[in-house]
Amino acid sequence: MNDNCDGFAIVDRHRSADLDDVGGRGMTLAVAVDSDGAEHLGIIDRRTFGDRKTGFSLGSPEHEMLGALAPEFAERLKPAAER
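Numbers given for residues are sequential positions, taken from 1 along each chain in its written order. Residues qualify for local features only when their pLDDT is at least 70, as the model is predicted, and side-chain atom pairs are given and counted only at 80 or more; totals for whole chains, interfaces and linings, by contrast, use all residues. With hydrogens and water set aside, each side-chain value is computed from the structure's full complement of heavy atoms.

Draft legend 1. Inspection of the pattern of salt bridges at higher detail. Salt-bridge detection follows one rule: a side-chain nitrogen of Lys or Arg within 4 Å of a carboxyl oxygen of Asp or Glu. Scanning the entire structure with this criterion turns up six salt bridges. With its nearest N and O atoms 2.7 Å apart, the salt bridge here joins R15 to D12. With relative accessibility at 41%, the residue R15 sits in the partly exposed group. The residue E39 makes a salt bridge to R15 at a minimum N-O spacing of 2.8 Å. Note that E39 is positioned in strand β4 (residues 39–45) and R15 in the loop between β1 (9–11) and β2 (17–18), a separation of 24 residues in sequence. Several salt bridges share partner residues, and in doing so they unite R13, D18, D20 and R46 into one network. Any residue under 20% of the maximum accessible area for its type is buried, any over 50% is exposed, and the rest in between are partly exposed; the area is computed with a 1.4 Å probe on protein chains only. Secondary structure follows DSSP: runs of H or I at least 4 residues long count as helices, runs of E at least 2 residues long count as strands, and numbering of each begins at the N terminus.

In C-alpha cells form, the structure reads like this:
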C-alpha cells in the first residue's frame, strides 16, 4: 500500500486473480480499494487476508458489519435521539 492509504483496504475479488495455477501457490494478484476509493495493487499471501498488519481484507471492516450496535456506541447516540 502507498502512503496515502489509511491502512485498510478491501480486496475486490472480481478484479483479482489467484496465482496458484501459474506457480504462485497461496498468492493472489489483488486489486484492493481503501476507504477513500483509491485502488491498490499487490501480490498478497492469502493467509494474511484480514491481518491488520497487512491491511488487506476479503470483507467489510468489523465496524461495518450488520447486527446490533455495540452498547458503548448506543449510549453515545442517545442524546442525539432525544433532540
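Draft legend 2. Looking closely at the nonpolar core. In terms of nonpolar packing, the biggest core is built from seven residues, these being A9, V11, A30, A32, I44, F49 and F56. Counting only elements with at least two residues in this core, the list comes to β1 and β3 (27–34). In what follows, residue pairs with any heavy atoms lying within 4.5 Å of each other are defined as contacts. In this structure A30 touches V11, S16, H40, L41, G42 and I44, once residues within four positions along its chain are discounted. Take the buried residues of types Ala, Val, Leu, Ile, Met, Phe, Trp, Tyr and Cys, join any two whose side-chain atoms come within 4.5 Å, and each joined set is a nonpolar core.

Draft legend 3. Seen up close, the side chain of S16. In this structure, S16 sits in the loop between β1 and β2. By the criterion applied in these results, polar contacts are pairs of N or O atoms within 3.5 Å in which, for protein atoms, one can donate a hydrogen and the other can accept it, and in which residues neighboring in sequence qualify only through two side-chain atoms. Only 2.9 Å separates the side chain of S16 from the backbone nitrogen of V31, close enough to count as a polar contact. If we ignore the near neighbours within four places in the chain, the residues touching S16 are V11, T28, L29, A30 and V31.

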